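# Understanding the architecture of this molecule
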Amino acid sequence: MEKKATDVAILDMRELASYTDFFVLCSASNRRQVQAIARFLRKMGKDETGEPAKGTEGLEAARWVLVDFNDVVVHI
């Protein structure tokens, strides 16, 4: 299912930070889309790894959302 995230950037953090390997940035056109992308990522992450995201911040307000998968952090 495509959620239409835009301006996707993947930053390789392996040599810069100890808290994550990759930092993914993306944009969405409205709050509802921000929530849809975050929920999709959380479900996909759990389906793929069998483990839920380590943490999620900002989902209710949806001005921005941070989804932490430990090795990958996504900022929408």
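Attention in this report is confined to the structure presented alongside it. Computed from a prediction, not measured in an experiment: that's the story for all the values here. (Residues numbered from 1 in each chain as written. Predicted model: local features only at pLDDT ≥ 70, side-chain atom pairs only at ≥ 80, totals over all residues. Heavy atoms only, no water.)

### Focus: the overall build of the protein
If you tally the helices and strands in the protein, you get 1 helix and 5 strands. Along the protein, helices (α) and strands (β) appear in the sequence β-β-α-β-β-β when read from the amino end. For the protein, the C-alpha atoms occupy an extent of roughly 35 × 25 × 20 Å along the three principal directions. Counting contacts in the protein only where the partners sit at least 6 residues apart, residues at least 24 apart contribute 40% of the total. For the protein, the accessible area works out to roughly 5,400 Å², and carbon and sulfur atoms hold 50% of it. (Helix = DSSP H or I, 4+ residues; strand = E, 2+ residues; numbered from the N terminus. Contact = heavy atoms within 4.5 Å. Areas by Shrake-Rupley, 256 points an atom, 1.4 Å probe, with all protein chains shown as cover.)

### Observations concerning the nonpolar core
Ala38, Val65, Val67, Val74 and Ile76 are the most contacted members of the largest nonpolar core, which has 13 residues in total. Of all the elements in the fold, those that place two or more residues in this core are β2 (22-27) and α1 (31-49). In contact with Val74, not counting residues within four places along its chain, are Val24, Leu41, Val65, Leu66, Val67 and Phe69. (Core = buried A, V, L, I, M, F, W, Y, C linked by side-chain atoms within 4.5 Å. Buried < 20%, exposed > 50% of the residue type's maximum accessible area, 1.4 Å probe, protein only.)

### Quick word on the sheet that holds strand β3 (residues 55-57)
Pairing within the open sheet is mixed, and its 5 strands lie in the order β1-β2-β5-β4-β3. Two strands in the sheet have a free side with no partner beyond their single neighbour: β1 (6-12) and β3. With strand direction ignored, the average angle separating the axes of adjacent strands in the sheet is 10 degrees. Two strands pair when backbone bridges link them, and β1 and β2 are joined in this way by 5 bridges, in the antiparallel orientation. From the neighbouring strand, Thr6 faces β2, where its bridge partner is Ser27. (Pairing = 2+ DSSP bridges. Axes fitted to C-alpha atoms, helices over the stretch in contact; angles between N-to-C directions.)

### Regarding unusual backbone geometry
In the Ramachandran plot, Asp7 falls in the positive-phi region, its phi being about 50 degrees despite a non-glycine side chain. With respect to the helices and strands, Asp7 occurs in strand β1. The class for Asp7 is exposed, based on a relative accessible area of 63%. At Ala62, a residue that is not glycine, the phi angle is positive and equals roughly 60 degrees. Its place among the elements puts Ala62 in the loop between β3 and β4 (66-68). Assessed through its relative accessible area of 2%, Ala62 is described here as buried.

### Some thoughts on the pattern of salt bridges
All chains considered together, the criterion is met by 3 salt bridges. Among the salt bridges present, the one from Arg14 reaches Asp12, with a minimum N-O distance of 2.5 Å. Classification of Asp12 by relative accessible area gives partly exposed; the value is 39%. Between Lys43 and Asp47 there is a salt bridge, with its nearest N and O atoms 2.7 Å apart. In this pair, Lys43 and Asp47 are both assigned in helix α1, 4 residues apart and thus about one turn of the helix distant. Comparing Lys43 with Asp47, the two get one shared label, exposed. (Salt bridge = Lys/Arg side-chain N within 4 Å of Asp/Glu carboxyl O.)

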